[in-house]
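Understanding the architecture of this molecule
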Amino acid sequence: LGEPPESLPAALDRAIWPCDGRMGESKLRAIVLKLAVLFATDGLLKWGSLVVFCVQNSFHPIILRLATTEASRHERASTSAIIFFSEAAKMLLSMLLLLAEERLNLRRTISIIHQDWIMCFGASLNLAIPAVIYAIQNALLQISAGHLFAALWQVTYQGKILVTAIFSVVILQKQIKRYQWLAIFSMGLGIAAVQVANTKEAKQASMANASEQNSTIGLALLLVACCCSGFASVYTEKMLKNVGQSSDQKKLSVWLQNMQLSFFSMAVLSCTWASEVLFSSTAEGLGEETSFNLLRGFTPKTWLMSMNNAVGGLLVALVIKHADNILRGFTSAFATINSALLSVFFFDFELRPMFAVGALIVLVELGVRILRCSARCKRLCCTAEWLLWQEILCQRCRNVAAGLGA
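This write-up is about the structure you can find in this document.

With that out of the way, let us pick up helix α12 (residues 300-322). Spanning 23 residues, α12 covers 32 Å between terminal C-alpha atoms, matching the ideal 33 Å at 1.5 Å per step. Restricting attention to buried positions, one finds in α12 the residues Thr 302, Met 305, Ser 306, Asn 308, Asn 309, Ala 310, Gly 312, Leu 314, Leu 315, Ala 317 and Val 319.

One finds Leu 141, Trp 153, Tyr 157, Leu 222, Phe 298, Met 305 and Phe 355 to be the most contacted residues of the largest nonpolar core, which totals 31 residues. Counting only elements with at least two residues in this core, the list comes to α2 (25-68), α3 (79-101), α6 (128-145), α7 (150-156), α10 (215-245) and α14 (353-405). With five residues, the single largest contributor to this core is α10.

This next bit is on the state of the cysteines. Counting across every chain of the model gives zero disulfides. Here Cys 228 is not cross-linked by a disulfide; its sulfur's nearest cysteine counterpart is in Cys 227, at 7.0 Å. Judged by relative accessible area, which is 13%, Cys 228 ranks as buried.

It is at 9 Å that the axes of α3 and helix α4 (residues 106-118) come closest, and there the two elements cross at 120°. In terms of orientation, α3 lies oblique with respect to α4. Taken as a pair, α3 and α4 cross one another with a handedness that is right-handed. Facing α3, whose interface residues are Met 91, Leu 98 and Leu 99, α4 presents Leu 106, Thr 109, Ile 113 and Trp 117. Of the residues contributing to the contact of α3 with α4, the split by class is six nonpolar, one polar and no charged.

The next point concerns unusual backbone geometry. Non-glycine residue Arg 103 carries a positive phi angle of around 60°. Take Arg 103: it is sitting in the loop between α3 and α4. Among the residues examined, Arg 103 registers a relative accessible area of 77% and is labelled exposed. Unlike most non-glycine residues, Asp 348 shows phi in positive territory, near 55°.

The subject of this paragraph is the packing of α3 against α12. Close contact between α3 and α12 brings their axes to 8 Å; oriented N to C, the two are set at 40°. For the element pair α3 / α12, the angle class is oblique. By crossing handedness, the relation of α3 to α12 is classed as right-handed. In this structure, α3 contributes Ile 82, Phe 85, Ser 86, Ala 89, Lys 90, Leu 93, Ser 94, Leu 97 and Glu 101 to the contact, and α12 contributes Thr 302, Trp 303, Met 305, Ser 306, Met 307, Asn 309, Ala 310, Val 311, Gly 313, Leu 314 and Lys 321. A class-by-class count of the residues in the contact of α3 with α12 yields eleven nonpolar, six polar and three charged.

The rules behind these values
- Residues numbered from 1 in each chain as written.
- Predicted model: local features only at pLDDT ≥ 70, side-chain atom pairs only at ≥ 80, totals over all residues.
- Heavy atoms only, no water.
- Helix = DSSP H or I, 4+ residues; strand = E, 2+ residues; numbered from the N terminus.
- Expected span 1.5 Å × (residues − 1).
- Buried < 20%, exposed > 50% of the residue type's maximum accessible area, 1.4 Å probe, protein only.
- Core = buried A, V, L, I, M, F, W, Y, C linked by side-chain atoms within 4.5 Å.
- Disulfide = S-S within 2.5 Å.
- Axes fitted to C-alpha atoms, helices over the stretch in contact; angles between N-to-C directions.
- Parallel < 35°, antiparallel > 145°, perpendicular 65-115°, else oblique.
- Left-handed = near helix turned anticlockwise from the far one by under 90°.
- Contact = heavy atoms within 4.5 Å.
- Nonpolar A, V, L, I, M, F, W, Y, C, P; charged D, E, K, R; others polar.

Encoded structure:
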């Protein structure tokens, strides 16, 4: 078949456009204009979602720290109530995104919700398990942020990658090579170096919950949250693979799945909040009317934290849909650096050499994993490009043969 063309677009151009130039110039210009608008829109969604994702991840630990340290434990809003409103906002935003996905066709959107969810409610119960785990994870993240420095919290939370790898071996039976185990060990070493760096925030003493903060409790809660994140990710991956292998199950929209996750999380959080109210009322003897107020203790910072959590969960799905996990990984690494720098500004965080070394080890290990994944994806793309070019060439040969036979 000879050597391949210089690029895939060149092969597509020769295969699609007529060789005798009979296509009208106005029609050709219209098609080129539509393609230009399409690529411009795709690029805007891709890089726009990455920029917003980076900004949100950079400020996420800062917002958590500000909201969870502005009041003492008895004066703060209920953790269950905060996450409940986060999930409610996430469900509403997911519904709007589903409506946008269906080109603002409200009747079609309602039909999808009715047919793919309400009529098949039993099938959606599989999402109840990760929904409960994610609710527990979010609660642990909020509580731990009230005990740990924002920069320390952000770097330590990258340990979820280690837990995800371990659960992938146990649950998905994945094979991890030696260099991957070495990378995992390096990340663990970097996180350990960050813990012993003896860093501090100068503004910690002026925080409302300064006397309640305990770094050991915060670290333990954050590690459990990493375990929840790793298990939920692997469980969801296994569930989606089983759905993909089953020919009788319909593939659902990612926004509809987010709505289902939010619904089950809200159901669990409602029960949790009710039990908190009943327990506090029993402990005090006579429950006060304010204890039954779902918005008790809410402040502007609390609302900001709640809405930030809602937007963050959807940004992950948006980035994966319009970009890829490789760019998402680089963006997360860049956001970790930004969080450390922002901590200096907001909390007078002291960046010590040991902390910088530990954070650098974690970021280098993350970068190596991303580059290896990028190289593997590039090889797959080159193979797919060659196979597509061969298919185009064979199709042209079949067309020529059919013309000669006629």
